[in-house]
Amino acid sequence: MTGAVSTGDLVTWIRAFRDAVQQHKEELTALDSAIGDADHGSNLARGMDAVVAKLDTVPASPAELFKTVGMTLVSSVGGASGPLYGTLFLRMGPALATGGTVDAAALGAALRAGVEGVVARGKAKPGDKTMIDALLPALDAWDAAGDDLAAAARAAADAAAAGRDATEPLVARKGRASYLGDRSAGHVDPGAASSTLLLEALAATVAA
Ligand code: ADP
Ligand code: MG
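Residues numbered from 1 in each chain as written. Chains lettered and ligands numbered in written order. Predicted model: local features only at pLDDT ≥ 70, side-chain atom pairs only at ≥ 80, totals over all residues. Heavy atoms only, no water.

(A) How the structure looks around the pattern of salt bridges. Applying the stated criterion to the full structure yields nine salt bridges. The salt bridge involving Arg154 is made with Asp158; its shortest N-O contact spans 2.9 Å. Here Arg154 and its partner Asp158 are both found in helix 8 (residues 149-166), four residues apart, which amounts to about one turn of the helix. (Salt bridge = Lys/Arg side-chain N within 4 Å of Asp/Glu carboxyl O. Helix = DSSP H or I, 4+ residues; strand = E, 2+ residues; numbered from the N terminus.)

Now the structure itself:
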């Protein structure tokens, strides 16, 4: 099985991410209270609720879907993570051909375009203790897994989780956590944790 997803499947992924963010809201906020301002869980939950409210009708294409998700996140989430997650989705759409289904190579390329957008906007480097420490390893695992969509998404989610865990000892160099200097070490980065939920939700959706 190589596999491809429809726009409806991608809506299922976005809904699953919303559900995961709701389930882990307190945990994300606890991580952000250790090294930030304790709003990451509520920021993202509010944003994803706004996104899901716009998806009663399935968008015409994957590109349209990601545009709606990105624009809604930019306009409804404050803080650093709204523009960054918004950029991730806004950059994914144009990377996809219009209409039709999306296979592993196309979705991997779209995710890469999205993450490159996050890097361009946030200027974080690997090891700065941010969401890209989960997302960048996930992209490489995705590409290495080949053309089986379920296997690629599983590998990406696992790599994201490892990247998330590896943020714990790091000293933050971007965002609010960087204000803490060395005291930011010893805690997992909240954005790396939520990014892992995003890829876990995708793996669960395409495995179903
Ligand atoms: P804020 O920091 O404004 O309160 P959130 O708490 O919602 O926003 O999100 C914090 C997360 O955003 C961090 O854990 C980190 O992963 C991510 N982040 C912050 N700044 C950057 C950046 N410049 N580049 C990439 N990710 C960043
Ligand atoms: Mg915060």
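What follows picks up the thread again.
(B) View of the site of ligand 1. Residues in contact with ligand 1 amount to 19 residues; listed here are only the nearest, Asp37, Ala80, Ser81, Gly122 and Asp189. Separating an oxygen atom of ligand 1 from a side-chain N or O atom of Asn43 is a distance of 2.9 Å. In the environment of ligand 1, an oxygen atom lies 2.6 Å from a nitrogen or oxygen atom belonging to the side chain of Asp189. Isolated, ligand 1 exposes 570 Å² of accessible area, and the fraction of that covered by the protein chains is 92%. Residue assignment for the shell around ligand 1 shows that the elements contributing at least two residues are helix 3 (40-53), helix 5 (81-92) and helix 9 (190-207). Its residues placed into classes, the shell around ligand 1 shows five nonpolar, eight polar and six charged. (Near = heavy atom within 4 Å. Polar contact = N/O pair within 3.5 Å; in protein donor to acceptor, adjacent residues only side chain to side chain. Areas by Shrake-Rupley, 256 points an atom, 1.4 Å probe, with all protein chains shown as cover. Nonpolar A, V, L, I, M, F, W, Y, C, P; charged D, E, K, R; others polar.)

(C) Quick look at the packing of helix 2 (residues 25-35) against helix 9. The N-to-C vectors of helix 2 and helix 9 enclose an angle of 160°; their axes lie 8 Å apart at closest approach. Comparing the axis directions of helix 2 and helix 9 gives the class roughly antiparallel. Along its contact with helix 2, which presents Leu28, Leu31, Asp32 and Ile35, the element helix 9 presents Pro190, Ala193, Ser194 and Leu197. Classifying every residue of the contact of helix 2 with helix 9 by side-chain character gives six nonpolar, one polar and one charged. (Axes fitted to C-alpha atoms, helices over the stretch in contact; angles between N-to-C directions. Parallel < 35°, antiparallel > 145°, perpendicular 65-115°, else oblique. Contact = heavy atoms within 4.5 Å.)

(D) How the structure looks around helix 8. With 18 residues, helix 8 extends 26 Å between its outermost C-alpha atoms, agreeing within 8% with the 26 Å of an ideal straight helix rising 1.5 Å per residue. Taken together, the buried positions of helix 8 are Leu149, Ala152, Ala153, Ala156, Ala157, Ala159, Ala160, Ala161 and Gly163. Considering only its buried residues, helix 8 is in contact with strand 1 (4-5), strand 2 (102-103), helix 6 (104-122), helix 7 (132-144) and helix 9. Looking at where helix 8 begins, the residue whose side-chain oxygen comes 3.0 Å from the main-chain nitrogen of Ala150 is Asp148. (Expected span 1.5 Å × (residues − 1). Buried < 20%, exposed > 50% of the residue type's maximum accessible area, 1.4 Å probe, protein only.)

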